[in-house]
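# Per-entry structural report
The lines below spell out each chain.
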Amino acid sequence: GEPAWPFPHMMVMPWPYLLILPIVYALCAGFGWSQDDYVEQEVSEIWIPTKGDFAQDKAYADSLGEDRASSSSIAAMAIARDGKNLFRESRLEEIRQRMEAAESTTIEWKGETITYADICASNNVGLGTTYEFPCARLTPMDFFKEARWFFDENDKVTWRNDVIRQSIVKPILPRFGIMSQYCAPTAENPTQTQCLHQISLRNSADYAEKEGYDRSYANPLNLLSDIASLEMNDPCKMCIEDNFQVQLDTLTLATKGSFGVMAQSIQALLMSGAVTDPAKAADLTTRAGQYGQLAQGLTRADIEEFFTYYTTRGLYAELNMDSYIDGYEYLVSLLRPGCLAEQATNPSLICPNPTVTQAEAAAAMTNHADGPFSSFNTAGHPFPWWSDATGTGKLFEGTSGVSGSGIDLTGTLLSMSAYVDIATISDPANWNPIFVQTGGFPDTTSDPAWIGYVESDPVYKWFMASFEPADETCVNNALTGSQTGNPQYDGLTAVVMGGASQSWCTKFDIPNAEDAGVEGSYTKQHFAVMWYDLFIDEFLSLKQGVDDPFSWTLGQGCGYSLTGERSPYTNVTETDILSEASRVLYYIDEGTSVGPIDQNLLLGGTEPAVNEVSVDNPWKKISVVQSLYVATIPKNMVKRVQNCNRPGGPIEDMTEDEAEDILEEYKEKFEDTWAEGWDDDNDGEVQFVIFTDDVGSIGTTGRTLRDITLDNGKLMSISICLVAIFSIILLISPDWIDSRVLITLIGVSLVVLAFFGSLGLAILLNIKINVSMAWTLPFIIIGIGVDDVYIVLMSLKKQGGYKASNFLRAMREVSVPVSMTSVVNCLMFAVLNISDIPAIYLTATVAVICVIALYLGVMFCFPAYCWLDMKAKPLDSGDFFFCCKANEVEGTKHEVHEDKRQVWLYEKFYFPLVLGAPCVRMVSHTFLILGALALFATGIYGGTQHEVGLGLEDFFPIGSQAQHWAETRTKELASWSIGMNWGAINYTDKNAQQKMIKQFEDVVGTSKVAEMNTDQLWMSQFLIWSTRHCTDNFDRPDPNNRICGMDQLFEGDGTEPDAGTVCAGGWMENKIGLRNKVIDDGKGDCEPYDGGICRPASQMFAEDLILAGHNTATDSNSTSYCPFVEWSDEKFQWCIVQFRNLTNNGNGRFILDSEATETECSGEFYKDEKLKWPIPFSAGPTMFSYDLFSHEETLDLLEQTRDFCDNDEELHCWMEGIPYDYWTQYENVFDVLIELSIISVAVGFGVAFLFLLGKIASEKRHSFKKVLCGTFGAALIIGATILINLIATIGLSVLAGVSLTGFSNMSFVLSVAFSVEYSVHIVSRWLRAPTIIESSLERVQYTMSFLMLPTFMAWISSTIGVICLAFTEFSFTEVFFFRPLIIVMMVTYFVGCFSLPAFLCYVDHDVFRLGKSVEESKSMVGSALGDDLKMQEGYSEESPGDEEQQNEGGGKIEDNAVDEPASVEDKVVDEPSSQAEGFEEPGAEDAQTEDIDENSKPMAEQ
């Protein structure tokens, strides 16, 4: 029959076939591989599923432009090299030093030094403090005082000014005054008892003990903490807050009003002309201006500042009484005897009394506060022993203390308001100010009423001091001693007073001895503020620029006291260090922002377990410590470095792409610094390893992924070389003409070129090269191509001649099997698109491209080269030296030599062992068939033992620091950050609000999620903000503006039903089991967590209970109520924007509809962005999972949390984070494997059945029914073979330590392709053996005598590539590619080429005899293969070897020769050796029919 196009055309015009495809491949490779970004470095792009509900949720968020991560994490681990305790002095100091070194990492960019402060996620404590506070990080080192190293001097100033003053001084001290004056019994109002209980608890140990508290509870200083921590509905707190608001409002209005009235009255007096004295007129004019300025300019913040210092003045005596008396009596005991002795000769000495009363002490301290500011010793001293208050006076020669604020605040508060009768100012008829009664403004220097009411008013004195210039300096000289003339006594007093001196002044208190400031710009009030601030610092034992959160604690966290310090480890025993670390761990704010830090995240190798440790059951060992650093993302870095406070100046020209590069470089250098010496056992007692994530820029995983992907070059080159060498060995011949080394190398080179061209095309199609492609395709696909090259070359070799007819006949033989195997390959790879893992389906896509390219190259290019090679053979051209004659004697006849490889492999090995003597055959068949069944059974067992998942420890290179980090993390610190997201739910619905909180609490309540307060969820915070329990007004940054919801008036446009109402929420009964707030009464153990936001009725405001419908007479006090809001959409939208902006609340991620307003300082922004409405998306806080020590436990986390979130049909939310991104695929990985297996087996069965049915039916040698039954049965045999191979491969791989992953599933599926290749070729040849061969054994001999060599060649070439994978340094590739693929190679070859033929020997039914009939075979006896095809253009000449070819095939059937290799060949009386299954001569009935699989090979390369 005529061979199909294009081979005749190829013979006529070979050059297009020779060049076009190689050029196309070269261009694709050149353009593709020259792209800048062709390697996939982001794990998320290859490993996160892209189908299913989880993928849809992510795609939804991505479609809204939501940034799934606003920060990048760095996990820095320290490990005891000896596995013992890290918490000892030397090792903790080693960790501290390494932290300091790592956090000092810098890189250079365009002449700018980039520091950790530029890349960290947060380095501020509010607006205006960016770059003025350390970067936030979580570390167990925060247990210890020595961790304070990262606070520099400026950070400490910020801590004092923006944290301590903002959270302690400004809100608490004035409220302390309110508590003392208005909420506790006084002489004027003994019935004020709201705070009497709390005050008594703190002042009396006996009372505390009586009330059930420990005696140590009595500590007056802790009243300051109580004021902050009391519940808003506590009677004491309610009294304080109500009176604070009323008193400050009253003070503000009265002060401004009084100054306003005085300014207006003086102006009226001056305008009336009644003042004729120029001096008085000038004085009044000045006063009127000052009063008017105060009336207009004073703010509530100014009033609160005054009230703070006024209260501090009172606290001085109230809280320092005991220490004053003790100090007084101590110094008197030292100095009074000498004073009395000197008094005899120096009558001017005033020796102090031996004791002092409380009244005297209070008066002395008050006088000290009111004394003149000293530029000699600013701190001064309250003891009234000096001759003057300047600090230069003589000891025991007067009754003055030293120094003071410079403003005497004695007098009646707001007495000036009485002078101007501010109370009736709005009632002109009854308004009767004192200055009107006395006939107008008097002489302000002598009028008793003016002096008694106005100038004695502390408010008046304080604010008028802002106009009085002062030229003072903050100085720390020692207090002076006596000047009696007695050197011995004067020396004693000098030493004692020197010891009693206090050094309050710092370089930050300007003007000082080193910094004179701006001369002439300071007022008396400035120095009074300075003195009181310094006094408060001293009172709180705080030193500006020196103290920090480690040396001065807030007293907010369990185990911490106000003005205390964190425990040191220096010079502390190991036992004491462990004991101190056994309490609750907090960030530096002691839990006020993020609550306690779950130690499961940071401590490993512990004894006892983390959840079992307590102060009573302290640590015995901690061998692993992890510190978590948080870096920003590029777009935020660009804004950060524009900040006006940035050291070195703002950077205005950084782009987001540049920021990404900077972040990548910084991460890598940070890693290098931290992990330095990790593999040197002599480098300290602590080993340091680290991991950086790939958020913002690639980190440890991304770099490793890139390295793994690109690291295949060496092994791939070795594999290609080995395949080439093996090909040469198989196709070289001692007959230099018959040898095919050169054409083989051309074929291998073409395959390699086609492969890289295919990858280049994929890159141009925006498919990046990923790790799966890099470690499978080069070692499999190249083998596939080379296998097809073998097919072509072996078919040409079997022809035994070099004529055109030989070429065309050979191409007819190979075109169908090569096409069929390519189709099978494409289908097998296409099946992998079922997977939703990008690494798998993208690899499959590229593999399909490669298979197509290889098919085109082998079938439409390589044959042209073969034809040219064949044309040279008749000229006796040698293999490599084709220009030279191979024979020495011209015209010498070339003879075809027997292939010794075939003889050795089949006749010497395979036939005797598998198909030879009956006794041997029986043993071998039993072994082979039972071996296949044993593999199948082992596979089933192994499948039941499967584990799932690919861990980081599997991914990183063996022996790398990252792998050691991953192993330690899995064993000791198995935690990941996670989060919760909600979509477009009805946020305005109160039931949806409760359900949202319930989902959050339920997730937090699962066994693998760290505890977290409910108020960390933005919705919870928002709801509390709308109630009376809002605490944001307590320490609001601007006293002029109240910031709770009930203070915000929604005006709208007047059309809304709730326009003109405040952002006030309500309370509803807790019917869905939300958590109540944990209220610590202080009696038992400290409660570190606040729990929920709901409250029992006993902890509610009476007004709220009424609104909630609670009947106090009939309803239980334990009935729980939860906050909610029910507003119009417009009001909800407005109120939530106010909530975020006023509280600067950063919790929760939203889709923004506008940009935030930038503050005066570039790079800082308010939270006033408008939200997209209706809210399409919101996110909860960062949460943490822990105890994920195995893939199964991680899947438990997914199952537990998704039950409450993703699977909740009532209100949909979805979990996020690394466990969900990378372990979601493992939830159904086994189901996917089953699905892939079923489809793959079905495809293999279907392809085999359809191909066999179509081919054999088209030959019309047998009835269609017989053909249908025979091919169906043959396909079942092929399907069974596929199933055995697949199950065996899966089970053995599992037993070899291969977990189920997308990668291993891909390897398993490839076993189907190999099974199809081997079984289809063997079964089809066995099926189509000439019917003259009667027994099944003989049919198997007929089959394997031809197929043994090509299948062996295919198996070797494929196995070579796979074996190369064993030499990778990456455990990941060795486990998930080499192990399953080498098992595939061995199992499929054993079952396909040994067990299957053994089984076929016993399948002896007539339905399976579908070859040529006996008559057809006999009719061909003696016939020639046919005339040469008449080709045009001179290609019909005969070639050497034709004569031999035409005389081949004669023989007769030997009935008794079944045990000899030649017997089957003898039976095929007219079967030429050049044919796989016998080509009929032209003109025969089925001359157009091509034989199936004549020279085909199994697709072992897959």
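Going along each chain's sequence as written, the residues are numbered from 1 onward. Where local features are concerned, this predicted model is filtered to residues with pLDDT of at least 70; where side-chain atom pairs are given and counted, the filter is 80 or more; whole-chain, interface and lining totals use all residues. Only hydrogens and water are removed before side-chain values are computed, so all heavy atoms of the structure are retained for them.

Let us look at the pairing of strand E1 (residues 71-80). Per-residue accessibility, obtained with a 1.4 Å probe over protein chains only, is compared with the maximum for each type, and a residue is labelled buried under 20%, exposed over 50%, and partly exposed between these values. Counting from the N terminus, the helices are the DSSP runs of H or I reaching at least four residues and the strands are the DSSP runs of E reaching at least two. Counting buried positions along E1 gives eight out of 10 residues, so the element sits mostly inside the fold. Any two strands with at least two DSSP-identified bridges between them are counted as paired. Sheet analysis places E1 next to strand E9 (residues 686-692), joined by seven bridges and oriented antiparallel. In the strand pairing of E9, Ala-76 is matched with Ile-690.

Axis lines are fitted to C-alpha atoms, over the contacting stretch for helices. Their N-to-C directions set the angle, which ranges from 0 to 180 degrees. Direction vectors running N to C along helix H43 (residues 1264-1295) and helix H46 (residues 1371-1400) enclose 145°, while the axes themselves pass 9 Å from each other. The handedness of the crossing between H43 and H46 comes out as right-handed. Where H43 abuts H46, its residues Ile-1277, Thr-1281, Ile-1284, Asn-1285, Ala-1288, Thr-1289, Leu-1292 and Ser-1293 lie against Pro-1380, Ile-1383, Val-1384, Val-1387, Thr-1388, Val-1391, Leu-1396, Phe-1399 and Leu-1400. Lys, Arg, Asp and Glu make up the charged group, whereas Ala, Val, Leu, Ile, Met, Phe, Trp, Tyr, Cys and Pro make up the nonpolar group; the residues left over, Gly among them, are polar. Residue composition of the contact of H43 with H46, grouped by class: 12 nonpolar, five polar and no charged. Each crossing gets its handedness from the near helix: less than a right angle anticlockwise from the far helix is left-handed, clockwise is right-handed. Any pair of residues with heavy atoms lying within 4.5 Å of one another is described as a contacting pair.

Another point: the environment of Met-1019. For Met-1019, the position within the fold is in helix H37 (residues 1018-1025). By relative accessible area, Met-1019 is classed as buried at 0%. A sequence separation of 105 residues divides Met-1019 from Phe-1124, and the C-alpha atoms of the two residues are 9.5 Å apart.

Before going further, it helps to examine unusual backbone geometry. The amide bond that connects Ile-510 to the next residue, Pro-511, takes the cis arrangement and shows omega of 5°. Locating Pro-511 in the fold gives a position in the loop between helix H20 (487-500) and helix H21 (524-539). The peptide bond linking Trp-1173 to Pro-1174 adopts the cis configuration, its omega dihedral lying at -5°. Along the polypeptide, Pro-1174 turns up in the loop between helix H39 (1129-1143) and strand E16 (1178-1179). Unusually for a residue other than glycine, Lys-110 sits at a positive phi of about 50°.

Let's shift gears to the sheet that holds strand E15 (residues 1120-1124). Read from one edge of the open sheet, three strands run E13-E15-E14, paired in antiparallel fashion. If you trace the sheet from one side to the other, it starts and ends with strand E13 (1066-1069) and strand E14 (1095-1096), each paired once. Relative to E15, E14 is paired through two bridges, and the arrangement is antiparallel. Across the sheet, the residue bridging to Pro-1096 is Ser-1120, located in E15. In the packing of helix H36 (residues 990-1004) onto the sheet, contacts are made with E13 and E15, and the angle to E15 comes to roughly 110°.

So, on to the pattern of salt bridges. What makes a salt bridge here is a side-chain nitrogen of Lys or Arg within 4 Å of a carboxyl oxygen of Asp or Glu, nothing more. Evaluation of the coordinates by the stated rule reveals 52 salt bridges. Among the ionic pairs, Arg-137 bridges to Asp-142, the shortest N-O distance being 3.1 Å. Taking the relative accessible area as the measure of exposure, Asp-142 reaches 1% and is therefore buried. One salt bridge connects Glu-664 with Arg-706, and the closest N-O pair in it is separated by 3.6 Å. Of the two residues, Glu-664 sits in helix H24 (residues 656-674) while Arg-706 sits in helix H25 (residues 700-710), which places them 42 residues apart along the sequence.

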